[in-house]
Each structure stands twice: as structure tokens, then as C-alpha cells.
Amino acid sequence: LEAIVVEHFDFFDLTMAEPGGEELAMLVLTQPADPAAQETYINALVQCLNDNRAAGLPTILIDAGNGTYGTAFHKALTDQAELGWLLSYAGFLDMAIVTGTALSHGVARYAHLIQGRTSQAEEVAFCKTLADSILKDFCYKNVVREDILSYVRNDLGGDANNFCLPELDRPAIVDRLTTEMDKATAPVLKNLERSSLLIGLKPHVDTVTAHWGKVGLSNYHFPWNRAFEIDMDISVDPLTR
């Protein structure tokens, strides 16, 4: 992970700051060195994230645990943190992919914010991007996907990696997906909708925030007719000051 981060820092022309000199922060939850201490690691990261929020330090968050924490980390973040304030988030795939995704999204967002020029459409677009990353990881990867895998294999007798061979009842799978995602996403949507979004960063000036609008999800589907990944339409109402 350290080697991956160094390579990405070089690619994006980023510099490791001395403590207290950070312009933005990156927090990473790795796989647990001591499995018995998982709760301690989770609590420490959530506390650090909340400290950054209180200090107004923009933060990129990466879950590099590769599923070892189950749903415990996501639940702690949903219950105790402000997800919609994040600069970016990634956690769905392996360490190289999540590092590149989170850093590219976060650094691009930071560069946009320090320019001091933005629009309502740009802010809504960013909300959709952040919500997409969080919802697919928190709600689908470790919760709903297991149900879909079981349903396809056990109830339909099919292949979760290919809904077309043999041909499966794809509308039934989508109905199952929609029902389960509606349940799983409810607390995360509530968190996002009570979040403040960073919309302005200027040196030596307080950060500028706005409140998220209501988030709507629809049209769940499997873009490649397999259970590994999903897609959905996301709507976000205009932000308010």
C-alpha cells in the first residue's frame, strides 16, 4: 500500500506534508494487523475523520480493508461521521484501484474548490459521484450482493457471473436488487442528506459549505448481466446555504 501511494503521489505531483502543514488529508483503513483489534482501528479512524471535520481539513477516505471488516466500518461511519463532507471515497475493489480512484477524485475536487468558482450543476454532479462510490460499497458490496449471489444460485439455479447462460429471469433479479437496496441504502441516504458539502476552499479563510439536497435512487440494474457490479440513477435536489 505504501508503494502504491508513493506512485500515485508522484503521478499527481503531491507532496507529503509535515504534521500541521496539510492542505488536505488522506485517511486509509488497512486490513487489521491484529484481527482482535478491529473495533479499535475503526474507532480511531472515525475519530480522526471527525477531528478533521471539526478542523475544516478536507479529507480523502480509503477503505483498503478488502472486506475484512464486514459491515462494521461502514456502520460506524454511517452512525458517527458526516459522509457527505468527504472530498472523495473509494473502497469497492483492490488497493491499487481504490487508491487511484480516491486520489484522482479527491485531488480533482480539491483543485476545483481552491479556484473559487463553481456552479449548482457542478456541485450536484459531485454529490452524485460521491454518493455513487459510498452507496455501491457500503450497501451493495458487503450487504446486498451476498443476497443476490444466493438468490441467483440457490433460487434460480443460475450463474451469478452470467445471467444469460443459462438465461435467467433478469426482471426478477432486478426486483430483488431494488427491494434489498431500498432497505440497505436508507440509513446512508439519511446521513448524506444531513451532511454539509465543501463548496469553497481559500487559504487562511474559513471553508464554505452548503447543505445536501434530498437524494433519490432509481433504475437499479446490472450493466454487464452479472452480480459483481450494479448501476443506478441518482438524483440530488439543489443544495441550500
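1. Quick notes on the sheet that holds strand S1 (residues 25–30)
Item 1. Judged by pairing direction, the sheet is parallel, and its three strands sit side by side in the order S1-S2-S3 without closing on themselves. What marks the edges here is a single partner per strand, and that holds for S1 and strand S3 (88–90). Averaged over all pairs of adjacent strands, the angle between their axes in this sheet comes to 10°, without regard to strand direction.
Item 2. Taken together, the three bridges between strand S2 (residues 59–64) and S3 define a ladder with parallel strand orientation. Residue pairing across strands places isoleucine 60 opposite serine 88, the latter belonging to S3.
Item 3. Across the sheet, helix H2 (residues 38–55) touches S1 and S2, and the angle it forms with S1 is around 170°.

2. Some words on the pattern of salt bridges
Item 1. Under the defined criterion, the tally for this structure stands at nine salt bridges.
Item 2. Across the pair lysine 136 and aspartate 132 runs a salt bridge whose closest N-O atoms are separated by 3.1 Å. Taken together, the residues span about one helical turn, with lysine 136 and aspartate 132 both in helix H5 (residues 120–155) at a distance of four residues.
Item 3. Judged by relative accessible area, aspartate 132 falls into the partly exposed class, the value being 22%.
Item 4. Close ionic contact of arginine 170 with glutamate 167 constitutes a salt bridge, the shortest N to O distance being 2.3 Å.
Item 5. Taking relative accessible area as the criterion, glutamate 167 reaches 51% and is therefore assigned exposed.

Conventions we followed
- Residues numbered from 1 in each chain as written.
- Predicted model: local features only at pLDDT ≥ 70, side-chain atom pairs only at ≥ 80, totals over all residues.
- Heavy atoms only, no water.
- Pairing = 2+ DSSP bridges.
- Helix = DSSP H or I, 4+ residues; strand = E, 2+ residues; numbered from the N terminus.
- Axes fitted to C-alpha atoms, helices over the stretch in contact; angles between N-to-C directions.
- Contact = heavy atoms within 4.5 Å.
- Salt bridge = Lys/Arg side-chain N within 4 Å of Asp/Glu carboxyl O.
- Buried < 20%, exposed > 50% of the residue type's maximum accessible area, 1.4 Å probe, protein only.

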